[in-house]
Amino acid sequence: MTVESERRTAPDAGSWAGARLVEAAQHGDREAIAAVVHGAHPHVRRFAHHLCASSDDAEDAAQEALIILYRKIGTLRATSAIASWMFRIVRNECLRRARAALAPRAELGGIDFAASAEDEVLRRLDAEQLTQAITELPMVQRRVLIMRDVLGYSGRATADALGLSTAAMKSQLHRARSAVRDSLVPTR
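Residues numbered from 1 in each chain as written. Predicted model: local features only at pLDDT ≥ 70, side-chain atom pairs only at ≥ 80, totals over all residues. Heavy atoms only, no water.

What about the environment of D149?
Argument step 1. Following the sequence through the fold, D149 ends up in helix 8 (residues 139–150).
Argument step 2. A relative accessible area of 39% means that D149 is categorised as partly exposed.
Argument step 3. Residues D149 and R177, spaced 28 residues apart in sequence, show a C-alpha to C-alpha distance of 9.4 Å.
Argument step 4. Other than its neighbours up to four places away in sequence, D149 contacts L173 and R177. (Helix = DSSP H or I, 4+ residues; strand = E, 2+ residues; numbered from the N terminus. Buried < 20%, exposed > 50% of the residue type's maximum accessible area, 1.4 Å probe, protein only. Contact = heavy atoms within 4.5 Å.)

Focus on helix 5 (residues 55–72)
Argument step 1. Here helix 5 is 18 residues long and its end C-alpha atoms lie 25 Å apart, about the 26 Å a rise of 1.5 Å per residue gives.
Argument step 2. Of all the residues in helix 5, the buried ones are D57, A58, A61, A62, A65, L66 and L69. Projected down its long axis, helix 5 shows its buried positions confined to an angular sector of 165°, all on one face. Of the exposed residues in helix 5, those oriented more than 90 degrees away from the buried face are D56 and R71. (Expected span 1.5 Å × (residues − 1). Arc of directions from axis to C-beta.)

Focus on the pattern of salt bridges
Argument step 1. In total, this model carries 6 salt bridges according to the counting rule given.
Argument step 2. One salt bridge in this structure joins E93 and R96, with 2.6 Å as the shortest N-O distance. Separated by 3 residues within a single helix, E93 and R96 lie in helix 6 (residues 82–102), roughly one turn from each other.
Argument step 3. For E93, a relative accessible area of 8% puts it in the buried group.
Argument step 4. Accessibility expressed as a relative area gives 42% for R96, which makes it partly exposed.
Argument step 5. Residues D160 and R156 are paired through a salt bridge, measuring 3.7 Å at the closest nitrogen-oxygen approach. In this pair, D160 and R156 are both assigned in helix 9 (residues 155–162), 4 residues apart and thus about one turn of the helix distant. One exposure class covers both D160 and R156, and it is exposed.
Argument step 6. Taken together, the shared-partner salt bridges in this structure form one network comprising D60, E93, R96 and R97. (Salt bridge = Lys/Arg side-chain N within 4 Å of Asp/Glu carboxyl O.)

Quick look at the confidence of the model for the chain
Argument step 1. Confidence along the chain averages 76 in pLDDT terms, with 74% of residues attaining 70 or more.
Argument step 2. Per-element mean pLDDT across the chain ranges from 37 in helix 1 (residues 3–9) up to 90 in helix 10 (residues 166–184).
Argument step 3. Across residues 1–14, confidence stays below pLDDT 50; counting only partners more than four residues off in sequence or on other chains, it has 18 contacts.
Argument step 4. Note on residues 106–110: pLDDT is under 50 here. Beyond four places in sequence and across chains, it has 5 contacts. (pLDDT = per-residue confidence, 0-100.)

The following block contains the structure:
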């Protein structure tokens, strides 16, 4: 998603959180905080559903974003920045969930082990490049790819969840895989 498209889809803070309300919430007014969180809820959910791979991830990301808003609204510097701040929280939470799904770890007793520091750095670079490539896909392709290849949904379940025919889902999956593959091939 480009910065310009993020700006176009970011919520208008004036429509759900006036400057006075946000200011009161920043100063600890519990009713104002509740009103800001309540007003942000539909916007946060909508953005999470646009950005996350699955409905479950979107709901979890929206909840996490609202919890962060509730806990940290006092740290917000400019009352006019609440909409972009919330959008960044949702985006970061969706990306965090995608990265977690993409980066399987060898766990032993709850502790992560890497073969070497170099291997860990290379693994993280690969995961970042893959996450970036997936993030740049159109929304339908991104959702199909993550549902099929990361979450392991069947073709029929993926198609049904996204309201696509099986043929359309397969076409979107092929396009997504090709785009990711092309973006990961080093340029010479």
